[in-house]
Amino acid sequence: MNNMMTKITVGIVVLLLMASVFVLFVARDEPARLPAAEANFAARSVENGALLFEGNCVGCHGVQGKGIPGVAPSLNSPEFFTTRLQEVGYAGSLRSFIEGTVNAGRPVGSGQYSAKMATWGQAYGGPLRPDQVSDLASFILNWEATAVGGEPQVAQPTPTPLASDASPVEIGTAVYAATGCAGCHGEPGGAGLVGPNLGGIATRAATRVPGLSAEEYIHQSIVQPNAFVVPECPSGPCAPNLMPATYEQTLSPAELDGLVQYLLTLE
Amino acid sequence: MGVINNVTQEIRKEGLFHWMLRQLDVLITRLTTGLNWNDLRSMARGDEPRRPNPRLTVHSESFFFHIKPSYYHQSVTKIGHTFRLGLLSTYFFLIELVTGIFLMIYYAPTPERAYGDMLNIISGVPFGQFMRDIHRLGAEAMVIVVFLHMVRTYLTGSYKKPRQFTWLTGVILLLATLFLSFSGYLLPWDQLAYWAVTIGGSMIDKAPPPVVGKTAQLILLGAPAIGAAGLLRFYLLHVLFVPLIVIFVFFIHYYKVVRVGISLPSSQEEIGQDTAKRVPADKRRYYLPDVFTDEMVFLGLITFILLALIIFNVYPGAPLEHHANPNKTPLHTEAPWYFLWIQGLLKLGDPTIMGVIVPGIVFGLLALIPYIDFNPSRKAKDRPVAIAAWMFAMAVLVVLTWMGTPYFLVESPPAEEVVQIMMPEEKDGPVRQTDWDLLTVGEWDTTADNSAASFEMQKLMVLMNDLIHEEHVKVVERHEAKIKDLRSVRNPTPAQQEELAKLQATDPGLPNGSGKIIVEEWQEGLKKVTMRVFWTPEGSSEQTFEKTFYIHDNSNYDGR
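Residues numbered from 1 in each chain as written. Chains lettered and ligands numbered in written order. Predicted model: local features only at pLDDT ≥ 70, side-chain atom pairs only at ≥ 80, totals over all residues. Heavy atoms only, no water.

Undergrad: It is not clear to me how the overall build of chain A should be interpreted in this structure. Could you clarify?
TA: Helix and strand content of chain A: 14 helices and 0 strands. Traced from its N-terminal end to its C-terminal end, chain A shows the element sequence α-α-α-α-α-α-α-α-α-α-α-α-α-α. On C-alpha atoms alone, chain A measures out to a radius of gyration of 26 Å, which is more than a quarter above the 18 Å that the 2.2 N^0.38 rule sets for 267 residues. Restricting the contact set of chain A to residue pairs at least 6 apart, pairs at least 24 apart contribute 52%. (Helix = DSSP H or I, 4+ residues; strand = E, 2+ residues; numbered from the N terminus. Rg over C-alpha atoms; globule rule 2.2 N^0.38 Å. Contact = heavy atoms within 4.5 Å.)

Undergrad: Sorry if this is basic, but what is going on with the overall build of chain B here?
TA: Counting its regular elements, chain B contains 21 helices and 6 strands. Since a compact globule built from 560 residues should have a radius of gyration of about 24 Å, the 31 Å found for chain B marks it as more spread out than a globular shape. In chain B, which comprises 560 residues, the proportion classed as buried is 48%. Relative to all contacts within chain B whose residues are 6 or more apart in sequence, the contacts with residues 24 or more apart total 68%. Summed over its atoms, the accessible surface of chain B is roughly 28,700 Å², and 64% of this surface lies on carbon and sulfur atoms. (Buried < 20%, exposed > 50% of the residue type's maximum accessible area, 1.4 Å probe, protein only. Areas by Shrake-Rupley, 256 points an atom, 1.4 Å probe, with all protein chains shown as cover.)

Undergrad: Whenever I open this one, a nonpolar patch on the surface confuses me. Can you help?
TA: Residues and elements named next belong to chain B. Together, Phe165, Phe248, Ile252, Ile353, Ile357, Ile361, Leu365, Leu368, Tyr371 and Ile372 line one region of the surface with nonpolar side chains, adding up to about 920 Å² of accessible area. Elements that contribute at least two residues to the nonpolar patch include exactly helix H13 (228-260) and helix H16 (351-372). Broken down by element, the residue count for the nonpolar patch peaks at 7 residues, all from H16. Its place among the elements puts Phe165 in helix H10 (residues 164-186). (Patch = residues over 30% accessible without salt bridge, like charges linked within 9 Å, V, L, I, M, F, W, Y side chains within 5 Å. Salt bridge = Lys/Arg side-chain N within 4 Å of Asp/Glu carboxyl O.)

Undergrad: Help me understand the packing of aromatic side chains, please; the structure alone is not making it clear to me.
TA: Within a pair of aromatic rings, the relevant descriptors are the distance that separates the centres and the angle that separates the planes. All names here are of chain B. For the structure on display, the rule yields 32 aromatic pairs over all chains. Grouping aromatic residues by their ring pairs yields a cluster made of Phe65, Tyr72, Tyr287 and Phe292. Sitting over the ring of Tyr154, Arg383 keeps its end group 5.5 Å from the ring centre. If you follow Arg432 out to its NZ or CZ, it ends over the ring of Tyr557, 4.4 Å from the centre. (Phe/Tyr/Trp six-rings, centres within 6.5 Å; stacked < 30°, edge-to-face > 60°. Lys NZ or Arg CZ within 6 Å of the ring centre and 35° of its normal.)

Undergrad: Got a minute to help me understand the side chain of Ser454(B) in this structure?
TA: Looking at the element boundaries, Ser454(B) is found in the loop between strand E3 (442-445) and helix H20 (455-487). Setting aside residues up to four positions removed in sequence, Ser454(B) forms contacts with Leu438(B) and Thr440(B).

Undergrad: Help me understand helix H1 (residues 2-14) of chain B, please; the structure alone is not making it clear to me.
TA: Because the α-helix completes a turn every 3.6 residues, residues three or four places apart line up on one side. The end-to-end C-alpha distance of H1(B) is 18 Å, a good match for the 18 Å that 13 residues give at a rise of 1.5 Å each. Two residues or fewer past H1(B), Gly15(B) is found with a positive phi of approximately 90 degrees. (Expected span 1.5 Å × (residues − 1).)

Undergrad: Is there a simple way to explain the pairing of strand E5 (residues 526-535) of chain B in this structure?
TA: Regular strands show a simple pattern: their side chains alternate between the two faces of the sheet. Residue and element names in this part refer to chain B. Burial within E5 is extensive, with 10 of its 10 residues counted as buried. Burial along E5 is two-sided: Leu526, Lys528, Thr530, Arg532 and Phe534 and Lys527, Val529, Met531, Val533 and Trp535, pointing in opposite directions, are all buried. Here strand E4 (residues 514-523) runs beside E5; their pairing, made up of 9 bridges, is antiparallel. The partner of Gly515 across the bridge, within E5, is Val533. From the end of E4 to the start of E5, which pair antiparallel, there are 2 residues, and Gly525 there has a positive phi angle of about 75 degrees. With 10 bridges connecting them, E5 and strand E6 (residues 543-552) associate as antiparallel partners. Of the residues in E6, the one forming a bridge with Lys527 is Ile551. (Pairing = 2+ DSSP bridges.)

Undergrad: I'm lost on the confidence of the model for chain B in this one. Help?
TA: Note that predicted coordinates carrying low pLDDT should not be read in detail. When pLDDT is averaged along chain B, the result is 91; 99% of the residues meet or exceed 70. Taken together, the chains of this predicted complex give a pTM of 0.82 and an interface ipTM of 0.87. (pLDDT = per-residue confidence, 0-100.)

Undergrad: Please clarify how the sheet that holds E3(B) should be interpreted in this entry.
TA: The pairing of strands in a sheet happens through backbone hydrogen bonds and is either parallel or antiparallel. Residues and elements named next belong to chain B. A sheet is described by the order of its strands in space; here 4 strands give the open sequence E3-E4-E5-E6, paired in antiparallel fashion. Of all the strands in the sheet, the pair left with one neighbour each is E3 and E6. Adjacent strand axes in the sheet meet at a mean angle of 15 degrees, parallel and antiparallel pairs treated alike. Across 4 bridges, E3 lies against E4 in antiparallel orientation. Counterpart to Glu443 in the pairing with E4 is Ile518. (Axes fitted to C-alpha atoms, helices over the stretch in contact; angles between N-to-C directions.)

Undergrad: When you look at the interface of chain A and chain B in this model, what are you seeing that I'm missing?
TA: It is common to give the size of an interface as the accessible area that goes away when the parts come together. If you look at the interface, chain A gives 48 residues, while chain B gives 53 residues. When chain A packs against chain B, the two sides together hide about 4,300 Å² of surface, and 62% of this comes from carbon and sulfur. Summed over the shared surface of chain A and chain B, the result is 2 salt bridges. Linking Asp294(B) and Lys7(A) is a salt bridge whose minimum nitrogen-to-oxygen distance equals 2.7 Å. Every element with two or more residues in the side of chain A that touches chain B is listed here: helix H1 (3-27), helix H2 (30-56), helix H7 (130-141) and helix H8 (144-148) of chain A. Residue classes in the side of chain A that touches chain B are distributed as 27 nonpolar, 12 polar and 9 charged. (Buried area = accessible area lost by both parts, 1.4 Å probe. Nonpolar A, V, L, I, M, F, W, Y, C, P; charged D, E, K, R; others polar.)

Undergrad: For this particular structure, what's the right way to read the confidence of the model for chain A?
TA: Mean pLDDT over chain A works out to 84, with 92% of the residues at or above the 70 mark. When the criterion is pLDDT under 50, residues 152-157 of chain A qualifies, and its contacts beyond four places in sequence or with other chains add up to 14 contacts.

Undergrad: Explain the pattern of salt bridges to me, please; I cannot follow it from the model alone.
TA: Here the idea is simple: oppositely charged side chains can pair when their charged atoms come close. In total, this model carries 28 salt bridges over all chains according to the counting rule given. Residues Arg95(A) and Glu99(A) are paired through a salt bridge, measuring 2.9 Å at the closest nitrogen-oxygen approach. Here Arg95(A) and its partner Glu99(A) are both found in helix H6 (residues 94-104), 4 residues apart, which amounts to about one turn of the helix. The salt bridge involving Arg113(B) is made with Asp117(B); its shortest N-O contact spans 3.3 Å.

Undergrad: So what exactly am I meant to see when it comes to the packing of H10(B) against H16(B) here?
TA: When two helices pack together, their arrangement is given by the angle between the helix axes and the distance between those axes. All names here are of chain B. With their axes 7 Å apart at the nearest point, H10 and H16 run at an angle of 160 degrees to one another. With respect to H16, the axis of H10 lies roughly antiparallel. Pair H10 / H16 crosses with right-handed handedness. Of the residues in H16, those touching H10 at Gln164, Phe165, Trp167, Leu168, Val171, Leu174, Leu175 and Leu178 are Phe363, Leu366, Ala367, Ile369, Pro370 and Tyr371. Of the residues belonging to the contact of H10 with H16, the class tally is 13 nonpolar, 1 polar and no charged. (Parallel < 35°, antiparallel > 145°, perpendicular 65-115°, else oblique. Left-handed = near helix turned anticlockwise from the far one by under 90°.)

So, in structure tokens, the structure goes:
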């Protein structure tokens, strides 16, 4: 065999090897790989949605979506997955119902719930991108198995490690995070999402309502949100009845005091 | 009627079988633009061509072969002289073109669609991930090959007369290759893309004077920050404009290569000699079939290596991180590896000087090398300065690249670093690698007895404990080094004295550090994992860093 023949043979062998390696290691696995990748992305979507829910939704819909009486409905109840669409007369899928509601909000209170849902989708002036709205829907829909299975979710708020001698400010910081204040007001010093941001609240509170000290004003704003509605919300003047008026019932006196003390540190 | 009569007569005379064979041979001759079946066989056997040489006809008749010279000097066709790096660069460009068009079919360059399209390419398009892997590996390989091509040309002194302009076009091609690779980075619209390009975009912004930088950035991104307009522009640059430049400049480059010939080894050719036209007959090596066969076998082997790297997971594959989020800066943003040296430069000083002026001078000098190097010899032993300069440049490049990585001069809070290692924002990390079922629900503490947890969970707690200790030691060492440096200053300024006092007063790192991992059952197939790091600096209360993640049974990050 001469030099030229050797090279041609090597070339053909390499081509055949490539073709067989491709068929054996890529093409053969492809039909199984595609659905597996799809399932992975669906799972990651639930993970992303869980983080978004914690950051934005627990303030009204409660930790783990159990709902807050008088504020916003439960999202993990059997009714939500079985009869909700008929109740409201919605013809689309549950996913599109959730995404539509998250995107465009719910401008009308439904009688038993005080809060009107804000518009969360970017296209409607809210903070969430379309993929985030979709992730949120994936997370909410993932409750179906346990909800329809009839086992109500037991809320387990994240245990917050607070020493027994924690100062009121420390308690208040934890309450701000656990109650989901940031869901509407954002992180202090950042940007408000639905309600005004609370960075600098201690300074503003002192002069907001004549006759009320900063401490009294903040306390009143938490337990009676409609007593004085400030004009500067992220999307125009703040609307009354948007903030839940139930915190006097849901927070303990120590927690309420802590929250006030914490907010007073935000100068 | 005459034609049919003629054909009928021919068939009668030759017999149908032989007539058909002859027609087949005519067809082969047409397809090969001049070679019949016997010519092909004689080429495969390695025989001498018949006279007149039909293999030369191919070079004048075929479009694809007319751009190739019909023969080379035998000294330049040896693999060890050029390593065929120019051919390889062109080949990678073709691979990028083909795989790129495949990916374009399934991709729309808008922020609303881009990331979803990537998910679809991976999970809905047959061979989609494979095509991404090849496209990405091909791009990175092309950067390496183009760079090596330049190094080879430099070391053999081949840029000298008459090949100066060829070198200049080569530098343009190098820049275009780098920009092609970089512009492709943005298209998946994930965190990796968004922040790598944000760094790049902010460098353009720093081009002096400010009005030029601002305008250039505005033209490139279409807005002060990367968004829909920037994505569309990068896309068009990536798929249309820069490839056109590459094709255009490539033809100039290659025309020059053919016109003046590939330089012979420096021992055989003096500067200024034009070897392409005066190759003695006994030194000629013909393109058909010798060089052509070599090239095809070479490309076949390279393709096979690429394929093997991807299929056997030596190459980790094209990554896809979370959706681009302008509000969330990743803990460590890293430029693509071929730009790490610029990131290293940026850590050294003013972004205008280090990010724009210095790289500008580097590439400017690179382009002008043939015009400023007056050394008349191409032999390495006559070029000590040029060779030393090259070695120095390579060493600087390596050091700067290392300095561009997060290992150099990036100080993130140690507690954050611990959590980032355990559970990175992207990819898998130890917690996600642990079997989902073995993440035992409960509250686990590095200072407590975790024997109720699964063995895997206990291992995670041990790892966390080790990491807290390691990060602590790292920060304390850095802190002490800084104090030592400041103390050794002879006449410290008030600012330095103040800094020293401040450093001495702080208790750095994670003193008395401990960690907690809280695992909660959250939903069907979903667990909530809260990681907390506690530490107590002297004279201060306990500090906490906390981060929450959700882990789904089926998310399988698998290193991506």
